[in-house]
Amino acid sequence: YLKNRAAFYLFPKIDIKKYNIVSDRQFAMDVLHGTNVLFIPGSGFDWKTPDHFRLVMLPRPEELTKAIEDIGKFLETYDQSKVEITI
């Protein structure tokens, strides 16, 4: 592992067309309920499109690795067009 020397956050971009995401808030809630991984949708930082989210890099490396792997597994079957938008 590389030791972090700068930012405390990751702000990854997600392919909204592939996952049919129209609400990043709904996406964040779906991930939370499906994986117990909490992150902030980009709209929480006035990001205009629902294609980013923010993760904090404060957990131990193995915890952060597991969270990212869990999000990846969740995305293997995720399609927001099949989810009721509640947010």
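A quick note: this is a predicted structure, and the numbers were derived from the prediction, not measured.

Before going further, it helps to spend a moment on the overall build of the chain. Along the chain, the regular secondary structure elements total three helices and three strands. From first element to last, N terminus to C terminus, the chain shows the α and β order β-α-α-β-β-α. Here the chain has a C-alpha radius of gyration of 13 Å; the compact-globule value for 87 residues is 12 Å, and the two agree. Oriented by its inertia axes, the alpha-carbon framework of the chain measures out at about 40 × 25 × 20 Å. Taken over 87 residues, the chain has a buried fraction of 34%. Intrachain contacts of the chain at a sequence separation of at least 6 include 72% that bridge at least 24 residues. For the chain, the exposed area adds up to about 6,300 Å²; of that, 57% sits on carbon and sulfur atoms. One way to put it: in the chain the 12 positive side-chain charges average out to a point 6 Å from where the 12 negative ones average out.

To continue, consider the sheet that holds strand E1 (residues 9-10). Read from one edge to the other, the open sheet built from three strands follows the order E1-E3-E2, with strand pairing classed as antiparallel. The two strands at the open ends of the sheet, each matched to only one other strand, are E1 and strand E2 (40-41).

A few words on a nonpolar patch on the surface. Together, Phe-8, Tyr-9, Val-56 and Leu-58 make up an exposed nonpolar region whose accessible area comes to about 410 Å². Counting through the fold element by element, Tyr-9 comes out in strand E1.

The biggest cluster of nonpolar side chains holds 15 residues, and the ones touching the most others in it are Phe-27, Val-31, Val-37, Phe-39, Ile-71, Leu-75 and Tyr-78. A per-element tally of this core places helix H3 (residues 61-75) first, with four residues. The contacts of Phe-39, once residues within four sequence positions are left out, are Phe-27, Ala-28, Val-31, Phe-53, Arg-54, Leu-55 and Ile-71.

Cut-offs used in this document
Residues numbered from 1 in each chain as written. Predicted model: local features only at pLDDT ≥ 70, side-chain atom pairs only at ≥ 80, totals over all residues. Heavy atoms only, no water. Helix = DSSP H or I, 4+ residues; strand = E, 2+ residues; numbered from the N terminus. Rg over C-alpha atoms; globule rule 2.2 N^0.38 Å. Buried < 20%, exposed > 50% of the residue type's maximum accessible area, 1.4 Å probe, protein only. Contact = heavy atoms within 4.5 Å. Areas by Shrake-Rupley, 256 points an atom, 1.4 Å probe, with all protein chains shown as cover. Lys, Arg positive; Asp, Glu negative; His and termini not counted. Charge placed at Lys NZ, Arg CZ, Asp CG, Glu CD. Pairing = 2+ DSSP bridges. Patch = residues over 30% accessible without salt bridge, like charges linked within 9 Å, V, L, I, M, F, W, Y side chains within 5 Å. Salt bridge = Lys/Arg side-chain N within 4 Å of Asp/Glu carboxyl O. Core = buried A, V, L, I, M, F, W, Y, C linked by side-chain atoms within 4.5 Å.

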